[in-house]
Amino acid sequence: MAKSVLIILFQVSFFVLKSFGQSNEISPIYLTGYTFSKGTSEIGYVKIRSANGAQIQAITLEGQSAKAFKISKAHKLSATKKVNADTQWMDLVLNVKTSTGNLLDTFRIVNDAFIRNKVIAHRGAWKNTGATENSVASLKHAITIGCEGSEFDVHMSSDSVLFIHHDPAVNGVSIAKSGFDVLRSIKLSNGEILPTLQEYLNAGIVQNKTKLILEIKTSELGKASSLALTNKVVQLVEKLHAQGWVDYIAFDYDVCKEVMKIAPYAKVSYLNGDKAPAELAQNNFYGLDYHFNVFKKNLDWIKEAQQNKLTVNVWTVNDKAMMEDLLQQNVDFITTNEPELLLNIIAGK
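Overview of the structure. (Residues numbered from 1 in each chain as written. Predicted model: local features only at pLDDT ≥ 70, side-chain atom pairs only at ≥ 80, totals over all residues. Heavy atoms only, no water.)

The next thing to look at is the sheet that holds strand β2 (residues 29–31). The sheet built from four strands is open, its strands ordered β2-β4-β7-β6 with antiparallel pairing. If you trace the sheet from one side to the other, it starts and ends with β2 and β6 (69–71), each paired once. Here the strands of the sheet are splayed against their neighbours by 25° on average, with no regard to which way each runs. By the bridge criterion, three bridges tie β2 to strand β4 (residues 42–48) in an arrangement that is antiparallel. In the sheet register, leucine 31 faces β4, and the bridge partner there is valine 46. (Pairing = 2+ DSSP bridges. Helix = DSSP H or I, 4+ residues; strand = E, 2+ residues; numbered from the N terminus. Axes fitted to C-alpha atoms, helices over the stretch in contact; angles between N-to-C directions.)

The next point concerns helix α4 (residues 197–204). All buried positions along α4 are accounted for by Leu197, Tyr200, Leu201, Ala203 and Gly204. Taken around the axis of α4, the buried residues stretch over an arc of 160°, which confines them to a single face. Looking at the buried positions of α4, the neighbouring elements they touch are α2 (136–145), β11 (149–156), β12 (162–164), β15 (211–216), α5 (223–239) and β16 (246–250). (Buried < 20%, exposed > 50% of the residue type's maximum accessible area, 1.4 Å probe, protein only. Arc of directions from axis to C-beta. Contact = heavy atoms within 4.5 Å.)

On to the pairing of strand β18 (residues 287–291), then. Looking along a regular strand, one sees side chains alternate from face to face of the sheet. With four of five residues buried, β18 is to be regarded as a mostly interior element. Note that strand β17 (residues 268–270) and β18 share two bridges and pair parallel. The partner of serine 269 across the bridge, within β18, is glycine 287.

The next thing to look at is the environment of aspartate 247. With respect to the helices and strands, aspartate 247 occurs in strand β16. We classify aspartate 247 as buried; its relative accessible area is 12%. A sequence separation of 20 residues divides aspartate 247 from leucine 227, and the C-alpha atoms of the two residues are 17 Å apart.

Contact geometry of α5 with helix α6 (residues 253–262) gives a least axis separation of 10 Å together with a crossing angle of 35°. Seen from above, α5 lies across α6 with right-handed handedness. Between α5, through Lys223, Ser226, Leu227, Thr230, Asn231 and Val234, and α6, the contact on the second element is made entirely by Asp254, Val255, Glu258, Val259 and Ile262. A per-class count over the contact of α5 with α6 returns five nonpolar, three polar and three charged. (Left-handed = near helix turned anticlockwise from the far one by under 90°. Nonpolar A, V, L, I, M, F, W, Y, C, P; charged D, E, K, R; others polar.)

Written as structure tokens, this is what we have:
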């Protein structure tokens, strides 16, 4: 009888307390922010994804870093004065009591020492470094030279592994129609093996100077595949606790909306150039990320975006005069194959 009671109690406890730390599922818990800084202790609010249907009743901070944070009655998370200014990030465990049971998850809170110089390296810093575009080496070069962000492209294989590459095919091999083993045998021109998203993110989240600008590519297999890719991307970003580093961009409007639906904290910018700033602002986008020709045809869109509190990114700008003009207009970011040139302009060289 005693054994039966213990087994029942264990089963109930297992059902009530669900941990998402090492799970491939998207946790019901999210934060509205994932960074702190010396001047701003506020990180964000602890939230439950709406699809879960649960209500937060209480939150306990756990883990080795728990004393570095505090939580308010309104579920606002903040850093305390005990945080070392040189700390790059800290892992915090949240034990959230809800109306349907307890949820346990770990979140990486990043010290916001990210560079603010407007320079986004397009597919990494590759053109002047000898690295291959979209390689781990090109990412590391972008970090080394001090770019604010490094942009990269993500596709999904036929067996749902995420790979980094711009075009839908590598050396004539379709990514979406090929499996991991086939794609893993492909080498880039610099000798690197075709990198997975997990490898790329792991290389990028060892520092807190350069943001990771993740483009979710439109799948050649259609809308359903693009949305499946989107969900896989967000799952992996959250599994690796990389939320504090990653911003999202996409040409597919539905992909952008899907990211914002499943990751309400995410900073998402639209690439395709066919939406006016006011419409993007109305739909809670972080910004617009358009080719320079779009702004040539719509001369008021930069100012309109700024008035609507959207960030403005312009791509792909490799001309010095155009860079200087865009800097004069105070755009937020410039995506370029010539990050060294843009860095020199900004430095007054």
